[in-house]
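Structural characterization, general
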Amino acid sequence: MKVLKFGGSSVASAERMNSVCEIVKSKLRKDKKLVVVVSAMGGLTDLLIDSSKLAQQGDEKYSKVIDQMLQRHKDAVLELSGDQGLKRLLPTMEQKTENLRNLMRGVFLVRELSPRVLDCIASYGELMSSIIIADFLNHSGVDCKWLDSREVLRTNSDFGAAKVDFKTTNANIKRIMRGKSKLFLMGGFIASNEDGVTTTLGRGGSDYTAAIMAAGCGAKELEIWTDVNGVLTADPRKVSKAFTLDSMTYEEALEMSHFGAKVIHPPTIQPVLENNIPLRICNTFQPDFPGTSITSKSDNKHLIKGVSSLSQIALITVQGSGMIGVAGVSGRLFNSLAGAKVNVILITQASSEHSISFAVKPEDAAKAKAAIEQAFEFEIRRGSIDAVEIEDKLSVVAIIGSNMKNTTGISGQLFGSLAKNGINVRAIAQGSSELNISVVISKADEKKALNALHKTFFLADHLSVNLFAIGTGLISKALLEQIKDQLPRLQKNMKMEFSLTGITNSRKMLIDEEGIELNAWQEKLDKEGKKADLKSFIVKIIKLNLPNSIVIDCTASEAPISHYSKLLSNSISIVTPNKIANSGALKDYKQYNRLAKKHGVKFLYETNVGAGLPVITTLNDLLRSGDEIVKMEAVLSGSLSFIFSSFTKKKNFSDVVKEAGELGFTEPDPREDLSGKDVARKVLILAREMGLNLEPSDVQVENILPKPLIKAKSVAAFFKELPKHDKHFAKLRDDSLKQKKVLRMLATIENGETSVSLKAVDQSDPFYHLSGSDNMIVFKTKRYSNTPLVVKGPGAGAEVTAAGVFAEIISVASYLE
């Protein structure tokens, strides 16, 4: 024998009722006997309760609601069973509706709605749906015996949440099951007391009815048919990658239901647990899906079975020196809460006994505080117990699973995952059974925490990263193209997925939590993007609070930098080739790195120096390994490297500068490069990485431009003036050639000082053979004293810079795993 229960969404319409009947028919082919329990049509019970409150308030609209409910049932019968069906059932439907109308009329007249009357009113939905479905089955060739649940389930008189008299109820079930019928169908939720007065079992009562029937008749399985594929690993409204579990234990199901899983109501579990009856959660809309099996046996497929949460809780803390070593404090505390009828969700106590914290519903917080203050009035007045503290806008997040027991590292993974996503834990609770670990966090972090933990425990071999790009220039375009091309490889080899969640430039901005397609981002930004507002863009990133978020600043602007501190403080990593942040005030450079460390995120800027070359990484590796930098010399400008390596006897300086601009090596105004300011920023960053506390003004920069070029009022004026000074630069070149040397713009760090100057180097110097736009960095250290360590390669260009940024994005992603 099996018991099947169908919820409100499963019987919400004639079409759904017909599907239920098809499922029942298919089950009858395999099972000798079935008991089917049905809920009211979806939403009907709430409508009944709401209309009864209208009657209580003297609002005659309640009568129209009754008419609408009757019509809804008539429409369902007409569609399901046709005119003949309506003819058969209409007298019964009208009689029960008239009884309902009389009850409501009485409430309307006396303006009073007692729990007893409300139970009678609320029973209407289950009675009607069960009668309609039973009639349809009987007239579809299936012998179906309709049961009035009130004649089966006996309860006490606690109207609204009546307690079951199992002795009488089980006797009734056994008596009824001795009948010859193969199929019994009844409404859930409703019962009666010993006087035959209608009672209800409370919310979730239809599930409970089915569990009571399963236990009473010794069913081989209880199937709960609903509108989802079973018990999911998390709430799919909050965790998009949640999936259906194949199986779980009764205890795991109870924990999941306590922490907000809507599929199962806690009372449902107890009768089947006590009788070791398997419970299966099935989907009426996908009847072939196997669903979730709930039994006493645990599988080893997942250490954790679910990540769940309770939104909107308040945390109350009672603390003080007067609690330490004093017997009975906890008893007095929780007795006072029981007396105030306050339900405690979670409890945690410090081992010092100095404090006890517990979670309650926000609406119970003030009542709980008053009860505690009354119970400990003397201690609070004396100062041995501090004032009671209430923290609100919090949530409880829990990981649940019986396989956690005796498995090391679970707590470490939980707290590590939360820490990497910048989620602060206010309180912790874990029972000795190790069935769940619960943490109290800010309500604002709930969704982020659920997704982070779900990834950690269910998708550990698969990482999803949210990217937010600032700037759509050459570097950004090259980067997004590289990510698009490499996605299949990253997914296959590294189990990483990158989603472009937001992008902005100076004109438009776009954020899409579902992701922006990398092969159409430009078109989507142009068509769907809103007017750009960088401050608003940053606020939205922070408000989204998505796990594994990285902001990529591919601009050369100061505007994004003003938001760096806020992003890092909200546990959002930053990757940037924008060197302005790290070459500004020393205090800002230190603050960005300090905030990244404090909030457990990454602030990476390898491409600030040398584009895609591993300059900063190499330098830090040397320092971390205990080496000491004696001297560093470098060509750090691709544009200046090109200009001076191309400045041969056959060319004028002005022509070389113009050619560099045409090739895209220089800034639109070449003076930005020729002034040495860009190189000064880069060498300053390297000096700071070495631990030197230098300001921008501490870098000595040689000015190689004659004053008329510096004072030129525009770029056009500069280029017009430049040929006039070809002889000046030719003399510098020729003088060096006479000494068999070449000119190079070198950055130097030595003895705690930094400089940028134009130097002539001979053939013995590593920089002599430098060509094109290559950069070269030469580290002379205690270990590399005879033969310096050299890093050399392309130091300019969108592709190589983008590749460097991409490498750091992968580095951050690897850290987040």
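Residues numbered from 1 in each chain as written. Predicted model: local features only at pLDDT ≥ 70, side-chain atom pairs only at ≥ 80, totals over all residues. Heavy atoms only, no water.

1. Quick word on the overall build of the chain
Helices and strands together make up the secondary structure of the chain, namely 28 helices and 29 strands. Its C-alpha atoms give the chain principal-axis dimensions of about 120 × 70 × 50 Å. Sorting the 817 residues of the chain into buried and exposed places 53% on the buried side. Across the chain, contacts joining residues at least 24 apart in sequence account for 73% of those joining residues at least 6 apart. Of the roughly 36300 Å² of accessible surface on the chain, 49% is carried by carbon and sulfur atoms. Mean positive and mean negative side-chain charge positions of the chain (106 and 93 charges, respectively) differ by 1 Å. (Helix = DSSP H or I, 4+ residues; strand = E, 2+ residues; numbered from the N terminus. Buried < 20%, exposed > 50% of the residue type's maximum accessible area, 1.4 Å probe, protein only. Contact = heavy atoms within 4.5 Å. Areas by Shrake-Rupley, 256 points an atom, 1.4 Å probe, with all protein chains shown as cover. Lys, Arg positive; Asp, Glu negative; His and termini not counted. Charge placed at Lys NZ, Arg CZ, Asp CG, Glu CD.)

2. A short note on the packing of helix α15 (residues 474-494) against helix α28 (residues 798-816)
With their axes 9 Å apart at the nearest point, α15 and α28 run at an angle of 45° to one another. By the criterion of interaxial angle, the relationship of α15 to α28 is oblique. Pair α15 / α28 crosses with right-handed handedness. Between α15, through L474, I475, A478, L479, Q482, I483, Q486, L490 and M494, and α28, the contact on the second element is made entirely by A798, E799, T801, A802, A803, V805, F806, I809, I810 and S814. A per-class count over the contact of α15 with α28 returns 14 nonpolar, four polar and one charged. (Axes fitted to C-alpha atoms, helices over the stretch in contact; angles between N-to-C directions. Parallel < 35°, antiparallel > 145°, perpendicular 65-115°, else oblique. Left-handed = near helix turned anticlockwise from the far one by under 90°. Nonpolar A, V, L, I, M, F, W, Y, C, P; charged D, E, K, R; others polar.)

3. Quick word on helix α21 (residues 638-646)
Counting buried positions over the nine residues of α21 gives eight, a clear majority of the element. For α21, the set of buried residues is G638, S639, L640, S641, F642, I643, F644 and S646.

4. Here's the deal with the side chain of S639
With respect to the helices and strands, the residue S639 is situated in helix α21. Setting aside chain neighbours within four positions, we find S639 in contact with F665, T666 and D673.

5. Details of the sheet that holds strand β7 (residues 221-226)
Pairing is mixed across the open sheet formed by eight strands, whose spatial order is β3-β4-β2-β1-β7-β9-β10-β8. Where the open sheet ends on each side, the last strands, each with one partner, are β3 (144-147) and β8 (247-249). Adjacent strand axes in the sheet meet at a mean angle of 20°, parallel and antiparallel pairs treated alike. (Pairing = 2+ DSSP bridges.)

6. Brief notes about helix α2 (residues 44-56)
Turn by turn, an α-helix covers 3.6 residues, leaving residues three or four places apart pointing in a common direction. The terminal C-alpha atoms of α2, which comprises 13 residues, lie 18 Å apart, in line with the 18 Å expected from a rise of 1.5 Å per residue. Among the residues of α2, L44, T45, L48, I49, S51, S52 and A55 are the ones counted as buried. Down the axis of α2, the smallest arc covering the buried residues is 165°, so these residues share one side. The inward-facing, buried residues of α2 contact α3 (61-110), α4 (115-122) and α5 (124-138). (Expected span 1.5 Å × (residues − 1). Arc of directions from axis to C-beta.)

7. Re the state of the cysteines
For the structure shown, the criterion picks out zero disulfides. There is no disulfide at C144, and the cysteine sulfur nearest it, in C21, is 8.3 Å away. Overall, C144 belongs to the buried group, its relative accessible area being 6%. (Disulfide = S-S within 2.5 Å.)

8. Description of unusual backbone geometry
The phi angle of most residues is negative, glycine excepted, and most peptide bonds adopt the trans form. Positive phi, normally seen in glycine, also occurs at F189, with a value near 80°. Looking at where F189 falls in the secondary structure, it is placed in the loop between β4 (183-187) and β5 (190-192). F189 gets classed as buried once you look at its relative accessible area, which sits at 9%. The backbone of N276 shows a phi angle near 55°, a positive value even though the residue is not glycine. As for its placement among the helices and strands, N276 is situated in the loop between α9 (266-274) and β9 (279-283). A relative accessible area of 46% means that N276 is categorised as partly exposed.

9. Thoughts on the sheet that holds strand β18 (residues 496-504)
The seven strands lie next to each other as β20-β19-β18-β17-β21-β22-β23, forming an open sheet whose pairing is mixed. Edge positions in the sheet fall to β20 (530-531) and β23 (603-604), since each of these pairs with one other strand and no more. Two strands pair when backbone bridges link them, and strand β22 (residues 573-575) and β23 are joined in this way by two bridges, in the parallel orientation. Bridging from a neighbouring strand, V575 pairs with L604 of β23. Taken strand by strand, α15 contacts β17 (463-470), β18 and β21 (549-553), and its axis lies near 155° from that of β18. Against the sheet, helix α17 (residues 534-544) makes contact with β17, β18, β19 (508-516), β20 and β21, and its axis sits at roughly 15° relative to β19, the strand it touches most.

10. Notes on the packing of aromatic side chains
Two descriptors summarise a pair of aromatic rings, namely the distance from one centre to the other and the angle between the planes of the rings. Following the criterion strictly, the structure yields 13 aromatic pairs and no others. Aromatic side chains F334 and F358 sit 6.0 Å apart centroid to centroid with 65° between the ring planes, which places their arrangement in the edge-to-face category. Highlighted residues: F334 in helix α10 (residues 329-339) and F358 in strand β13 (residues 355-360), separated in sequence by 24 residues. We classify F334 as partly exposed; its relative accessible area is 24%. According to the relative accessible area criterion, F358 is buried, its value standing at 0%. Ring geometry for Y564 against Y592: centres 5.6 Å apart, planes inclined by 70°, an arrangement best described as edge-to-face. Here the residue Y564 occupies a position in helix α18 (residues 564-569), and Y592 occupies one in helix α19 (residues 586-598), the gap between them amounting to 28 residues. Residues Y564 and Y592 agree in their burial class; the two are buried. A network of ring pairs unites the aromatic residues Y564, Y592, F603 and Y605 as a single cluster. Sitting over the face of the ring of Y815, K420 holds its NZ or CZ atom 5.3 Å from the ring centroid. (Phe/Tyr/Trp six-rings, centres within 6.5 Å; stacked < 30°, edge-to-face > 60°. Lys NZ or Arg CZ within 6 Å of the ring centre and 35° of its normal.)

By themselves these figures say nothing about function.
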